[in-house]
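Below are the chains, spelled out letter by letter.
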Amino acid sequence: MKLYLVTSNENKLKEVRLILPAGFDVESVETIAPKKDIVEDSATFFGNSLKKIEAYKDLGVPLLADDSGLVIDSLGGFPGVNSTRFMENSHYLTKMQIILDRMVNEENRAARFVCAALFYDPSNGVLVGVEGKVDGIIARKQSGENGFGYDPIFVPQGYSQTFGVLGDSVKMELSHRAKAFKKLFSLVHLYTGKK
Ligand code: ITT
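Keep in mind the model is a prediction, meaning the values are calculated, not measured.

1. Some words on the side chain of Ser49
Point 1. Tracing the sequence through the fold places Ser49 in helix α2 (residues 45-56).
Point 2. A distance of 2.9 Å separates a polar side-chain atom of Ser49 from the backbone oxygen of Ala116.
Point 3. Among residues more than four places away in sequence, those in contact with Ser49 are Ala65, Asp66, Asp67, Ala116, Ala117 and Leu118.

Next up, the structure:
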């Protein structure tokens, strides 16, 4: 089954492909339609994920969407749904440094990555949604060059290094995206088998 992920983020596409079960194939929706400027101004990850689906549902192809972000407890959930838009034109090295500076005297380092993933079936309008989370802490400094976004400052629970150091194999075991899409693909599998 061919699915189209509504994303401009190559790293997300790569991560989703790494956990793709047999029988599924995923491409970016931008391989069959022009990129759209989606205003991701919802207060929730699911709200923004739904905006991504709505932007392309007229194409009449099965769609996937992922809205995700880093939620830091001591910063009141920041950057959260604004993970991309926070200092949008700055490099992630700068964005991460600003977060580390804001937390320099903060003992509570608790944080989590959250991913709201959706599947949309154009034949009947069915929408399936799941959320994946990974708890962890914000490191004291940036480290590692694997992954993308805020990976160099996030240390998942049970580890002492960041996703930036740990790389894809660990991320594919326990990341917010891996958990969400594993769940989503198993539901889509069940659903398409019963259609
Ligand atoms: P699309 O909307 O085109 O899918 P995007 O990167 O803008 O791409 P989001 O709107 O979902 O995606 O914002 C997610 C942001 O949250 C992302 O750009 C990173 O800053 C951060 N983020 C999400 N998942 C992450 C991960 O696995 N590792 C590091 N940072 C992540």
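On we go.
2. Digging into the layout of surface pockets
Point 1. As a volume, the largest pocket reaches approximately 820 Å³.
Point 2. Lining of the largest pocket is provided by 35 residues; of these, Asn9, Lys12, Glu40, Lys52 and Thr84 occupy positions nearest its centre.
Point 3. Of all the elements in the fold, those that place two or more residues in the lining of the largest pocket are α1 (10-18), α2, β3 (63-72) and α6 (176-194).
Point 4. If one sorts the elements of the lining of the largest pocket by residue count, β3 sits on top with four residues.
Point 5. Its residues placed into classes, the lining of the largest pocket shows 10 nonpolar, 11 polar and 14 charged.
Point 6. Of the voids in this model, the second largest pocket is the one considered here, and its volume is about 160 Å³.
Point 7. For the second largest pocket, the lining is made up of 13 residues, of which Leu93, Met96, Gly144, Glu145 and Pro152 are closest to its centre.
Point 8. Looking at the lining of the second largest pocket residue by residue, the classes come out as five nonpolar, seven polar and one charged.

3. Brief notes about the site of the ligand
Point 1. The environment of the ligand is made up of 22 residues, and the closest members are Thr7, Thr84, Tyr92, Asp151 and Lys171.
Point 2. In the environment of the ligand, an oxygen atom lies 2.8 Å from a nitrogen or oxygen atom belonging to the side chain of Glu40.
Point 3. Side-chain polar atom of Arg177 to a nitrogen atom of the ligand: 2.9 Å apart, as the coordinates give it.
Point 4. Protein coverage of the free-state accessible area of the ligand, which is 610 Å², stands at 92%.
Point 5. Of the pockets mapped on this structure, the ligand occupies the largest pocket.
Point 6. Those elements that place two or more of their residues in the shell around the ligand are β3 and α6.
Point 7. In terms of residue count, β3 provides more of the shell around the ligand than any other element does, four residues in total.
Point 8. Class assignment of the residues belonging to the shell around the ligand gives a composition of five nonpolar, nine polar and eight charged.

Rules used throughout
- Residues numbered from 1 in each chain as written.
- Predicted model: local features only at pLDDT ≥ 70, side-chain atom pairs only at ≥ 80, totals over all residues.
- Heavy atoms only, no water.
- Helix = DSSP H or I, 4+ residues; strand = E, 2+ residues; numbered from the N terminus.
- Polar contact = N/O pair within 3.5 Å; in protein donor to acceptor, adjacent residues only side chain to side chain.
- Contact = heavy atoms within 4.5 Å.
- 1 Å grid on protein atoms, 1.4 Å probe; cavity = no way out; pocket = protein on both sides within 12 Å on 5 of 7 lines; lining within 4 Å.
- Points joined across faces, edges and corners; volume = space filled by probe spheres on them.
- Nonpolar A, V, L, I, M, F, W, Y, C, P; charged D, E, K, R; others polar.
- Near = heavy atom within 4 Å.
- Areas by Shrake-Rupley, 256 points an atom, 1.4 Å probe, with all protein chains shown as cover.
- Sits in = over half its atoms within 2 Å of the grid points.

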